[in-house]
Amino acid sequence: NAGVTQTPKFQVLKTGQSMTLQCAQDMNHNSMYWYRQDPGMGLRLIYYSASEGTTDKGEVPNGYNVSRLNKREFSLRLESAAPSQTSVYFCASSEAVGIGYEQYFGPGTRLTVT
Amino acid sequence: AQTVTQSQPEMSVQEAETVTLSCTYDTSESDYYLFWYKQPPSRQMILVIRQEAYKQQNATENRFSVNFQKAAKSFSLKISDSQLGDAAMYFCGRGGNNNDMRFGAGTRLTVKP
């Protein structure tokens, strides 16, 4: 099992460009998440999908959109990238949302917006 | 805001010794859980230990244990017999039924040989 995979690993964008970060999990998990990690701030939840067909905002959703393509895949889209979106992005999955369910993380995508 | 505070940006420990990483949190929920994740230079987030708030007994995973003080909203991590492979960023956090997961800013642990 690969667990949670993310593509790409690194990306450089110019301000105003768009891109989609891809995430897939092979653990048959119902719930998936997108976080960003900035220096000195830990991880912050951008969006999550409790189950296939549903998505909800997290702590910092502005400037992002998500799509739960199917049970395995959950993508994060930046429509018009800004330097403030320079960060490391992590995807995670869990069997379900809530207490008792461990989140498993992907290896992260380092995004730089110039 | 319901926050998680790690007051030690950096800590160091001698190999084979014990170190304690501090964490305090804030929550208005009655049902919640707490956790520590390790992030080595590879960036991979690895769950070290977790504890449901309703459990009174402190969680233990091999050399890792927690001191959970519910009234004080404190959740410290103790690493015994520290090893070089323990060097990493450690993130404390809490979650609940509404998926409001919050992470602290992290503590960078250095292990000296």
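Each remark here, short or long, concerns the structure printed above.
Here is a short report on the structure shown in this document. This one's a predicted model, so the numbers in the text were calculated from it and none came from an experiment. (Residues numbered from 1 in each chain as written. Chains lettered and ligands numbered in written order. Predicted model: local features only at pLDDT ≥ 70, side-chain atom pairs only at ≥ 80, totals over all residues. Heavy atoms only, no water.)

1. Describing the overall build of chain A
We apply this condition: Helix and strand labels come from DSSP, where a helix needs a run of H or I of at least four residues and a strand needs a run of E of at least two; each type is numbered from the N terminus. The reference for a compact globule is 2.2 Å times residues^0.38; the radius of gyration itself is calculated from the C-alpha atoms. For each residue, the accessible area found with a 1.4 Å probe, counting protein chains only, is set against the maximum for its type, and the residue is called buried under 20%, exposed over 50%, and partly exposed in between. Only heavy atoms matter for contacts: two residues are in contact if any of them lie within 4.5 Å across the pair. Values of accessible area rely on a 1.4 Å probe in the Shrake-Rupley scheme; residue burial ignores everything except the protein chains shown. None of His or the chain ends enter the tally, which takes Lys and Arg as positive and Asp and Glu as negative. Every charge is mapped to an atom, namely NZ of Lys, CZ of Arg, CG of Asp or CD of Glu.
Helices and strands together make up the secondary structure of chain A, namely zero helices and eleven strands. Secondary structure of chain A in N-to-C order comes out as β-β-β-β-β-β-β-β-β-β-β. Over its C-alpha atoms chain A spans a radius of gyration of 13 Å, differing by no more than 12% from the 13 Å that the globule rule assigns to 114 residues. Seen through its C-alpha atoms, chain A measures out along the principal axes to roughly 40 × 25 × 25 Å. Looking at the 114 residues of chain A, the share that counts as buried comes to 47%. For chain A, contacts bridging at least 24 residues in sequence account for 55% of all contacts bridging at least 6. When the accessible area of chain A is evaluated, it comes to approximately 5,100 Å², of which 47% is carbon and sulfur surface. When the 10 basic and 9 acidic side-chain charges of chain A are each reduced to a single mean position, those positions are 8 Å apart.

2. Focus: the packing of aromatic side chains
What counts, and what does not: Planes of paired rings set the category: under 30 degrees apart is stacked, over 60 is edge-to-face and the rest tilted, where pairs are Phe, Tyr or Trp rings (Trp by its six-membered ring) whose centres lie within 6.5 Å. The criterion is that NZ of a Lys, or CZ of an Arg, lies within 6 Å of the ring centre and within 35 degrees of the ring normal, and then a charge sits over that ring.
Tallied over the full model, the rule gives 14 aromatic pairs over all chains. Ring centres 5.4 Å apart and planes at 55° place the aromatic pair tyrosine 25 of chain B and tyrosine 32 of chain B in the tilted group. Under the relative-accessibility criterion, tyrosine 25 of chain B is labelled buried at 5%. You can call tyrosine 32 of chain B buried: its relative accessible area is 5%. Centre to centre, the rings of tyrosine 33 of chain B and phenylalanine 35 of chain B are 5.8 Å apart; their planes meet at 45°, and the pair counts as tilted. Through successive ring pairs, a cluster of aromatic residues spans Tyr33, Tyr35, Tyr48, Phe90 and Phe105 of chain A together with Tyr33, Phe35, Tyr37 and Phe103 of chain B. When the ring centre of tyrosine 33 of chain B is taken as reference, the NZ or CZ atom of arginine 50 of chain B above it lies at 4.4 Å.

Note that every value here comes from positions in space, so none of it alone points to a role or purpose.
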